[in-house]
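# What the coordinates show
One-letter residues, chain by chain:
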Amino acid sequence: MTTTVTIDRGVRTQGLTRVFGSGDAAVHALKGVDLDIASGELVVILGPSGSGKTTLCNILGGIDRATSGSVLVAGEDISDRDPGKLSDFRRDHVGFIFQFFNLIPTLTARENVEVIIEMTGRGDKGRVPELLEAVGLGDRMDNFPAQLSGGQQQRVAVARALATDPDILFADEPTGALDLPTGRQILGLLQDLHQQGRTVIIVTHNVSVAQIADRVVTVVDGQVESSEVNENPAAAADVTW
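Residues numbered from 1 in each chain as written. Predicted model: local features only at pLDDT ≥ 70, side-chain atom pairs only at ≥ 80, totals over all residues. Heavy atoms only, no water.

## Description of the overall build of the protein chain
Within the protein chain one finds six helices and 10 strands. Taken over C-alpha atoms, the radius of gyration comes to 17 Å for the protein chain, in line with the 18 Å a tight globule of 241 residues would show. Across its three principal directions, the C-alpha atoms of the protein chain cover 50 × 40 × 35 Å. Sequence separation of at least 24 residues holds for 70% of the intrachain contacts in the protein chain that already meet a minimum separation of 6. Of the accessible surface of the protein chain, which amounts to about 10600 Å², a share of 47% is contributed by carbon and sulfur atoms. Positive and negative side-chain charges of the protein chain, numbering 20 and 32 respectively, have mean locations separated by a distance of 4 Å. (Helix = DSSP H or I, 4+ residues; strand = E, 2+ residues; numbered from the N terminus. Rg over C-alpha atoms; globule rule 2.2 N^0.38 Å. Contact = heavy atoms within 4.5 Å. Areas by Shrake-Rupley, 256 points an atom, 1.4 Å probe, with all protein chains shown as cover. Lys, Arg positive; Asp, Glu negative; His and termini not counted. Charge placed at Lys NZ, Arg CZ, Asp CG, Glu CD.)

Written out as structure tokens, the structure is:
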């Protein structure tokens with residue numbers, strides 16, 4: 001299919017490769033990936049463990065660098081950036097939600113969001129209560145992670161990812177550690193963010209998550225096997241697995 005890409009909050013890659021190691025020990029995690037994600041799309045990148053989907057996500061989000069090929073994300077060419085400039089890119093354009101939350105245990109929910117603003121110099125600490133209200137934690141913002149359920153901790157991670165007002169939101173296996181009802185809540189939050197106009201990219205091995213996508217990109221053995229439009233995305237509350 002042909003996708004018209006608005007690159008201000010979109011993604012384009014051409015011939016993207018990533019090789020770990022060298023010689024006989026080299027692992028070709030990505031093998032010439034061409035990918036277009038339009039501004040405002042909710043895209044699920046689907047694939048089994050070891051398919052290269054997380055490596056692709058890390059390159060698009062500026063956590064890792066490609067071995068070769070071009071990468072244009074949110075209007076920025078990040079193909080040849082050094083680690084310092086990739087860090088600047090992440091700070092200015094990207095929000096990440098990870099499977100295992102990565103919250104700081106000695107900080108409250110509010111402080112876990114505020115610390116990202118302090119570290120990046122982006123965002124408004126005055127908006128933190130509003131962000132936590134938006135993810136349903138208005139009454140738990142002064143609780144520590146150990147006092148929150150897994151789903152509540154993931155909601156803190158969503159609020160933290162939004163604190164710097166990123167152009168693109170990446171979620172790597174955001175429901176992997178959650179039960180179905182809690183997973184639905186997190187997918188509902190991501191769907192709401194997409195409906196507000198954000199570009200949301202979800203990386204998962206869970207075929208059921210693809211039910212909410214505008215488009216499903218399947219990655220197998222380091223290559224894009226298919227890119228299929230979902231004509232009738234499901235509401236998160238109706239997702240089953």
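## A closer look at the pairing of strand S1 (residues 11-20)
Across eight bridges, S1 lies against strand S2 (residues 27-37) in antiparallel orientation. When the sheet's bridge partners are listed, Thr-13 is paired in S2 with Leu-35. Counting the residues between successive antiparallel strands, the hairpin from S1 to S2 contains six residues, one of them, Gly-21, with a positive phi of roughly 80°. As paired elements, S1 and strand S4 (residues 68-73) share five bridges and run antiparallel to each other. (Pairing = 2+ DSSP bridges.)

## Remarks on helix H1 (residues 53-60)
With seven of eight residues buried, H1 is to be regarded as a mostly interior element. Looking at H1, one finds that the buried residues are Lys-53, Thr-55, Leu-56, Cys-57, Asn-58, Ile-59 and Leu-60. A positive phi of about 80° marks Gly-62, the residue just after H1. (Buried < 20%, exposed > 50% of the residue type's maximum accessible area, 1.4 Å probe, protein only.)

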